[in-house]
Amino acid sequence: MKKIKRYLFLILILSGVLYSAYYFLFYKESKIDCGIVINYEEKKKNYDVEIFYNNSTKKITIPKHMFNPNYNCYNIKFKGIFIKEATQAKKISGTFNSLQGNTIEVEGKQYNKSSNLQYILYKEGKPKTVSKNFFVVGNSGYTYYFNSEDKIQLIVVDKPPILDTIRVGISTNNNNIYLHQQIKLYSKKGLEVEIDGQIYRIPKEDKLQIIYTNNYFILNVLDNKDNIKSKLINTKNVVKISGIRNSLISIEKNSLNKTDNMYIPTYPGTIELTPKKEGFIVTNIVSIEDYLIYVVPSEVPYSAGVEGYKAQAVSARTYAISDMLSGRFARYGFHVDDSTYSQVYNSQPTNNLVKNAVKETENIVMTYNGKIIDAKYYSTSCGFGASYDEVWQEKEQNTKPYLAFSNYTNKEIKDLADDSTALTFFKDWTISAVDSSSPYFRWKYTLTYANLFKIINQNIHNIYINNPKAFKQKWIFNIYKKASIKEEGIGQIKDIYISKHTPSGIVKEMIIVSESGTYKIEGTNNIKRLVTPSVEYQKGLRTKIEIQRIRGNSLQDFDSIPSPFFSIDREFKSGNLSSITIYGGGYGHGVGLSQYGLIEKSRIGENYKTILSTFYKDIQYTSLYDLKIE
């Protein structure tokens, strides 16, 4: 009986194996989408074809009636090991306009994107999978292939992208809002307006007004008193504007809501207006070198000197190309924007010193191991420079070793990970560093208990709702559990302090002891927001905070902590918390180049390469045209 059961069991297993094999050989359906033909050999009844697919090659046999040697990309369906269908993959070519979500826009038309989108480049006649860095907005050297579901799955890079022309998104009010409703432009030599290949000319004494309504551009010509002189055209299509004889284009600041200074920005190159559902995007298409002429003076003052300007030019050029290759703004159809979200562009006029500095560093970018670096920069350090990993967390460790932890002071301090060391360091306003001349090198502000109580309890619930995992509540001993923050807050504050810093002094964890419990708050931005007032409270009231700086005037009604490098000094009266003073240093994220450090090093006579090597470790300098894209 046992033998019979054993034989039956073996028969069942064998039957299952045979059935599975039969199913996979004759019935299982599978497919190859967008397989590139590498080679083929004609036989009597079929073709032996070598297909490149998913970064590997596969040899298959295709019946003659399904294969055409003139087609180089196929969608193939299998039933078991046999080909059920082999069809030419549909393809298009054209300029890459934008990539938003699952939609790619090519030549103004939108197409669905496959979740398995791949990019290949032919090298020495053979296809090779490459990164999305080769797929750059505004370039036209691409062929797009569609899979069996009519989605773009393969993009063949016919030629490497052109990097010497940049597309700059013009924001409203110098922030990352890009939809406009109207705009006014003019030029000293007049304007040329191109719509669908038709050219319209605007005389130099007139302005061009463009209003967007109901998905239409309405173009009017205005006289010098802003009265409508004539109606030009209405259109739903892209509008391109350039200055006659390459003259600069002026955009009235009030039409961009840019009211930070009296300077009226003038733009080289072309202005492109792209219609969207709720407004239009303004893009300045300009050579990278002309772009830098207006970035450098907007980022550093005249006191930077020629070597400081050169250092900023190389850093800004590298940063811009890195942004371009990353595709960070691809959904909008441009490479960088004109605000601090990318780098400030055209907020100040240029000058001859800047032009010479840009010219003398023409096309130079910084690389590390042959790849372009992420040339981050900021205003002022606290005396230490943070490593990339201290601010931006990624799966791999030390992904950008050229952005390394650094001590810029004359003190032999190992790091600021311990809070008592950090507090002592931030309270010391006598320390000298590469950028200690900055008014933001040291700063502080004090909160009375009443203000602290109000700010914490008004902020904490909203921050908790958006980041619940960042909040933990003490259970027993030093064990914390998931916190639950009520809408009214956490009540009376008994104590508050920073419990964890990164090596460079960035706050990472804070403890608040309140009447409802002891809370641990994690995350730099959460902590910063928690101890600064909301910009506006429900009744229109604002809590005033006076930031005192190491030099220069105090800043009244400040609503943001200048940097994440700080600690908290507490005052107690009769055992109760009576006030806190937040001591900090620096302005900005603290990674890469300190712009005040750049200024100081330029003043003492250092050349731009020496300046840059202080802040970016083990870098090389490469011509933009020799840059290897990977």
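Shown above is the structure to which this text applies.
Residues numbered from 1 in each chain as written. Predicted model: local features only at pLDDT ≥ 70, side-chain atom pairs only at ≥ 80, totals over all residues. Heavy atoms only, no water.

Q: Mind showing me how you'd approach the sheet that holds strand β2 (residues 46-53) here?
A: Within a beta sheet, neighbouring strands are joined by backbone hydrogen bonds and run either parallel or antiparallel to one another. Reading across from one edge, β3-β2-β1-β4-β5 is the order of the five strands in this open sheet, with antiparallel pairing throughout. The outermost strands of the open sheet, each flanked by one partner alone, are β3 (56-63) and β5 (82-88). Each neighbouring strand pair of the sheet contributes to a mean axis angle of 45 degrees, computed without reference to strand direction. Here β2 runs beside β3; their pairing, made up of eight bridges, is antiparallel. Each residue of the ladder has a partner; that of Asn46, found in β3, is Pro63. (Pairing = 2+ DSSP bridges. Helix = DSSP H or I, 4+ residues; strand = E, 2+ residues; numbered from the N terminus. Axes fitted to C-alpha atoms, helices over the stretch in contact; angles between N-to-C directions.)

Q: In this structure, what is going on with the state of the cysteines? I would like to understand it.
A: Two cysteines form a disulfide when their sulfur atoms are joined by a covalent bond. In this structure the tally under the stated criterion is zero disulfides. You can see Cys34 has no disulfide; the closest cysteine sulfur is in Cys73, sitting 4.7 Å from it. (Disulfide = S-S within 2.5 Å.)

Q: I'm lost on the layout of surface pockets in this one. Help?
A: Quantified by volume, the second largest pocket comes out at close to 1,500 Å³. Taken together, 48 residues make up the lining of the second largest pocket; nearest its centre are Asn97, Glu105, Val238, Glu272 and Thr274. (1 Å grid on protein atoms, 1.4 Å probe; cavity = no way out; pocket = protein on both sides within 12 Å on 5 of 7 lines; lining within 4 Å. Points joined across faces, edges and corners; volume = space filled by probe spheres on them.)

Q: How should I be thinking about a nonpolar patch on the surface in this particular structure?
A: Residues Tyr7, Leu10, Ile11 and Ile13 make up a contiguous nonpolar surface patch of about 410 Å² in total accessible area. Positionally, Ile11 belongs in helix α1 (residues 2-26). (Patch = residues over 30% accessible without salt bridge, like charges linked within 9 Å, V, L, I, M, F, W, Y side chains within 5 Å. Areas by Shrake-Rupley, 256 points an atom, 1.4 Å probe, with all protein chains shown as cover. Salt bridge = Lys/Arg side-chain N within 4 Å of Asp/Glu carboxyl O.)

Q: Could you clarify how one ought to interpret helix α8 (residues 449-466) in this entry?
A: It helps to recall that an α-helix has 3.6 residues per turn; residues three or four apart then point in one direction. In a regular helix each residue adds 1.5 Å, so 18 residues correspond to 26 Å; α8 covers 26 Å between its end C-alpha atoms and thus fits that length. The largest bend along α8 reaches roughly 35 degrees and is located at Ile460. Among the residues making up α8, those that are buried are Tyr449, Leu452, Ile455, Ile456, Asn457, Asn459, Ile460, His461, Ile463 and Tyr464. Where α8 is buried, its residues contact β32 (443-448), β33 (471-476), β35 (493-501), β36 (507-514), α9 (524-530) and β40 (576-584). (Expected span 1.5 Å × (residues − 1). Bend = angle between axes of the 7 residues up to and from the residue. Buried < 20%, exposed > 50% of the residue type's maximum accessible area, 1.4 Å probe, protein only. Contact = heavy atoms within 4.5 Å.)

Q: Sorry, what's going on with the pairing of strand β25 (residues 279-287) here?
A: Regular strands show a simple pattern: their side chains alternate between the two faces of the sheet. Burial analysis of β25 places seven of its nine residues in the buried class, the great majority of the element. Examined bridge by bridge, strand β14 (residues 179-180) and β25 share two bridges and lie antiparallel to one another. For His180, the partnering residue across the bridge sits in β25 and is Phe280. In terms of strand pairing, strand β24 (residues 270-276) meets β25 through seven bridges, oriented antiparallel. Counterpart to Leu273 in the pairing with β25 is Val282.

Q: Sorry if this is basic, but what is going on with the pattern of salt bridges here?
A: Pairing between side chains of opposite charge can happen when the charged atoms of each approach one another. Under the definition given, this model contains 27 salt bridges. Of the charged contacts, one joins Lys43 and Asp48 as a salt bridge, the two residues approaching to 4.0 Å between their closest N and O atoms. Here Asp374 ties to Lys400 by a salt bridge, and the two come within 2.8 Å at their closest N and O atoms. One end of the pair, Asp374, is in the loop between β28 (371-372) and β29 (377-378); the other, Lys400, is in the loop between α6 (388-391) and β31 (406-407), with 26 residues separating them in the sequence. Pair check on accessibility: Asp374 and Lys400 agree, each one buried. Within the structure, one salt-bridge network assembled from shared partners comprises Lys184, Lys207, Asp226 and Glu252.

Q: Could you clarify how one ought to interpret the packing of aromatic side chains in this entry?
A: Both the distance between ring centres and the angle between the ring planes are used here to describe each pair of aromatic rings. Counted by the stated rule, this structure contains 34 aromatic pairs. Here the aromatic rings of Tyr212 and Phe217 are separated by 5.0 Å at their centres, their planes lie at 55 degrees, and the arrangement is tilted. For the pair formed by Tyr212 and Phe217, the shared burial category is buried. Taking 5.3 Å as the distance between ring centres and 65 degrees as the angle between the ring planes, the aromatic pair formed by Phe384 and Phe425 counts as edge-to-face. Residue Phe384 is found in strand β30 (residues 384-385), and its partner Phe425 is found in helix α7 (residues 419-427); the two are separated by 41 residues along the sequence. (Phe/Tyr/Trp six-rings, centres within 6.5 Å; stacked < 30°, edge-to-face > 60°.)

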